[in-house]
Amino acid sequence: FCGHDDTLGPVVLSMKYYYDSDRQSNHIRIILRLSTGTHHQLIDWSRCQTHSPIQLAKTVCADLTLPFLQAILCPNAAEFLVNYDEHVLVKDFKFGVICQKAKQTSEEAMFGNRTHSPAMDKFLDMIGSRVELASHRGYRG
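All of these numbers come straight from a predicted model, not from anything done at the bench.

Calculation notes
- All residue numbers refer to position in the chain's written sequence, counted from 1.
- Totals for whole chains, interfaces and linings use all residues, but because this is a predicted model, local features are given only for residues with pLDDT of at least 70 and pairs of side-chain atoms are given and counted only at 80 or more.
- Only hydrogens and water are set aside; all other atoms, that is, all heavy atoms of the structure, feed into the side-chain values.
- Helix numbers and strand numbers start at the N terminus; a helix is a DSSP run of H or I with at least 4 residues, a strand a run of E with at least 2.
- Partly exposed residues are those whose accessible area sits between 20% and 50% of the maximum for their type, while under 20% is buried and over 50% is exposed, using a 1.4 Å probe and protein chains only.
- Contact between two residues is taken to exist if any of their heavy atoms lie within 4.5 Å; hydrogens are not considered.
- A 1.4 Å probe and the Shrake-Rupley method give the accessible areas. Residues count as covered only by the protein chains that appear here.
- Two strands are counted as paired when DSSP detects at least two bridges linking them.
- In this description, a line fitted to the C-alpha atoms serves as the axis of each element, helices being fitted only across the stretch in contact, and the angle between N-to-C directions of two axes falls anywhere from 0 to 180 degrees.
- Like-charged residues within 9 Å of one another, or nonpolar side chains (Val, Leu, Ile, Met, Phe, Trp, Tyr) within 5 Å, are grouped into patches, provided each residue has over 30% relative accessible area and no salt bridge.
- The term salt bridge refers to a side-chain nitrogen of Lys or Arg lying within 4 Å of a carboxyl oxygen of Asp or Glu.
- Note that the arc is computed from the directions linking the helix axis to the C-beta atoms.

(A) Representation of the overall build of the chain within the structure. Scanning the chain from terminus to terminus reveals 4 helices and 4 strands. Moving toward the C terminus, one meets the helices and strands of the chain in the order β-β-β-β-α-α-α-α. Counting all 141 residues of the chain, 21% fall into the buried class. Residue pairs at least 24 apart in sequence account for 40% of intrachain contacts in the chain once pairs closer than 6 positions are excluded. With the model as given, the accessible surface of the chain reaches about 10,900 Å², and the carbon-plus-sulfur share is 54%.

Written as structure tokens, this is what we have:
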């Protein structure tokens, strides 16, 4: 299910019903994806007052104010959700900074720089940690 909350933005809800053969421990797994993060909850079927998607979403996040959720009828929905979940997991980023000196107008000249100013050193120290790209095996690129 998907929708848009005026306060929290886009909302995507996944639900899976689990039934045991003895009917004693039936439950619903809820995954609520918001721009602020993903919330997981396992709810006992028998303790649910209602099984409507909007009420189950509000059980996980009481701050939701959206009036309804739209069912997603797409054969590739599961694949799209997995793709989304994989991209949300990235919390660290890798980027480079290029120093352009006065009168440098070509990429070759900028990429050929081997030195820079003390002001550039101060800027680099301010924005993050430096790593040697050739030997760094940290974040995905």
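(B) Representation of the sheet that holds strand β4 (residues 37-44) in the model. Spatial ordering of the open sheet is given by β1-β2-β3-β4, a layout of 4 strands whose pairing is antiparallel. Edge strands, defined here as strands with exactly one partner in the open sheet, are β1 (2-5) and β4. Neighbouring strand axes in the sheet, compared pairwise and without regard to direction, differ in orientation by 25° on average. Note that β1 and strand β2 (residues 9-18) share 4 bridges and pair antiparallel. Counted as the bridge partner of Cys 2 is Val 12 from β2.

(C) Local environment of a nonpolar patch on the surface. A cluster of nonpolar side chains, contributed by Phe 95, Val 97, Phe 123, Met 126 and Ile 127, occupies part of the molecular surface with about 500 Å² of accessible area. Relative to the helices and strands, Phe 123 resides in helix α4 (residues 118-127).

(D) Examining helix α1 (residues 53-60) more closely. Three or more residues of α1 are buried, namely Ile 54, Leu 56, Ala 57 and Val 60. Down the axis of α1, the sector holding all buried residues measures 160°, keeping them to one side. Residues of α1 that are buried in the fold lie against β2, β3 (27-34) and β4.

(E) Just the pairing of β3, in detail. Across the 8 residues that make up β3, a large majority, 6, are buried. Examined bridge by bridge, β2 and β3 share 8 bridges and lie antiparallel to one another. Residue Tyr 18 lies in a different strand from β3, and its bridge partner there is His 27. Inspection of the sheet shows β3 paired to β4 by 8 bridges, in the antiparallel sense. Each bridged residue has a counterpart across the sheet, and for Ile 30 the counterpart in β4 is Gln 41. The turn linking β3 back onto β4 is made up of 2 residues.

(F) Structural view of the environment of Met 15. Looking at the secondary structure, you find Met 15 in strand β2. Classification of Met 15 as partly exposed rests on a relative accessible area of 22%. Separated by 15 residues in the primary sequence, Met 15 and Ile 30 have C-alpha atoms spaced 4.7 Å apart. Here Met 15 is in contact with Phe 1, Ile 28, Arg 29, Pro 53 and Leu 56, once residues within four sequence places are set aside.

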